[in-house]
Amino acid sequence: QVQLVESGGGLVQAGGSLRLSCAASKRSVSTYTMGWFRQAPGKEREFVAAIRRSGGTTVYADSVKGRFTISRDNAKNTVYLQMNSLKPEDTAVYYCTARSGSAVSTTSHEYNYWGQGTQVTVSS
């Protein structure tokens, strides 16, 4: 069972950038498809990005496409989410997640393991 810990969240002005990190322990991330979801107050958790365990395929939500980049460093057992051109509507708690298997999924219930989340706040 893999354990995930997110970091890198914070307060940033609109147009700014943040890089979230997700450090894994107990198991190697190389065996999992990894993803990021987010949840804003009063809203359902939504898909942000995912990357296959080989790192060759990435998928993004339309709302972040062209602004966010997901990547993985299997040697460091870490997954990243680079967020550029941030908007106030990106404000949410961001969760790192992992699923067994190679297929990328945009559905939260198909992911097996979740981190505790990190808060991202974008001011206007």
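This text goes with the structure placed above it.
Below you will find a few notes about this structure. (Residues numbered from 1 in each chain as written. Predicted model: local features only at pLDDT ≥ 70, side-chain atom pairs only at ≥ 80, totals over all residues. Heavy atoms only, no water.)

Remarks on the packing of aromatic side chains
Turning to step 1, where the next piece is worked out: By the definition in use, this model includes six aromatic pairs.
Turning to step 2, where the next piece is worked out: When the centroid spacing of 6.4 Å and the interplanar angle of 75 degrees are considered together, the rings of Tyr95 and Trp114 count as edge-to-face. Highlighted residues: Tyr95 in strand β9 (residues 92-100) and Trp114 in strand β10 (residues 113-114), separated in sequence by 19 residues.
Turning to step 3, where the next piece is worked out: For Tyr95, a relative accessible area of 14% gives the class buried.
Turning to step 4, where the next piece is worked out: The interplanar angle of 65 degrees and the centroid separation of 6.4 Å between the aromatic rings of Tyr111 and Trp114 together place this pair among those described as edge-to-face.
Turning to step 5, where the next piece is worked out: Classification of Tyr111 as buried rests on a relative accessible area of 5%. (Phe/Tyr/Trp six-rings, centres within 6.5 Å; stacked < 30°, edge-to-face > 60°. Helix = DSSP H or I, 4+ residues; strand = E, 2+ residues; numbered from the N terminus. Buried < 20%, exposed > 50% of the residue type's maximum accessible area, 1.4 Å probe, protein only.)

What to know about the sheet that holds strand β7 (residues 68-73)
Backbone-to-backbone hydrogen bonds pair the strands of a sheet. The strands run either parallel or antiparallel.
Turning to step 1, where the next piece is worked out: Spatially, four strands are ordered β1-β3-β8-β7 in an open sheet, and the strand pairing comes out antiparallel. The open sheet has two edge strands with one neighbour each: β1 (3-7) and β7. Neighbour to neighbour, the strand axes of the sheet diverge by 15 degrees on average, direction disregarded.
Turning to step 2, where the next piece is worked out: As defined by bridge partners, strand β3 (residues 18-25) adjoins strand β8 (residues 78-83) across six bridges and the pair is classed as antiparallel. Within β8, the position partnered with Ala23 by the bridge is Thr78. (Pairing = 2+ DSSP bridges. Axes fitted to C-alpha atoms, helices over the stretch in contact; angles between N-to-C directions.)

Quick notes on the state of the cysteines
Turning to step 1, where the next piece is worked out: One pass over the structure, following the stated rule, counts one disulfide.
Turning to step 2, where the next piece is worked out: A sulfur-sulfur distance of 2.0 Å marks the disulfide that ties Cys22 to Cys96. The sign of the -80 degrees torsion about the S-S bond sets the Cys22-Cys96 disulfide as left-handed. One end of the pair, Cys22, is in strand β3; the other, Cys96, is in strand β9, with 74 residues separating them in the sequence. In this structure, Cys22 and Cys96 share a single accessibility class: buried. (Disulfide = S-S within 2.5 Å.)

Here we look at the environment of Tyr60
Turning to step 1, where the next piece is worked out: By the element assignment, Tyr60 lies in strand β6 (residues 58-60).
Turning to step 2, where the next piece is worked out: With sequence-adjacent residues up to four places away left out, Tyr60 is seen in contact with Phe47, Val48, Ala49, Lys65, Phe68, Thr69 and Ile70.
Turning to step 3, where the next piece is worked out: For Tyr60, the side chain forms a polar contact with the main-chain nitrogen of Ile70, separated by 2.9 Å. (Contact = heavy atoms within 4.5 Å. Polar contact = N/O pair within 3.5 Å; in protein donor to acceptor, adjacent residues only side chain to side chain.)

Quick look at unusual backbone geometry
A negative phi angle is the norm for most residues apart from glycine, just as the trans form is the norm for most peptide bonds.
Turning to step 1, where the next piece is worked out: For Asn77, which is not glycine, the phi torsion reads 55 degrees and is therefore positive.
Turning to step 2, where the next piece is worked out: Here Asn77 falls in the buried class, since its relative accessible area comes to 16%.

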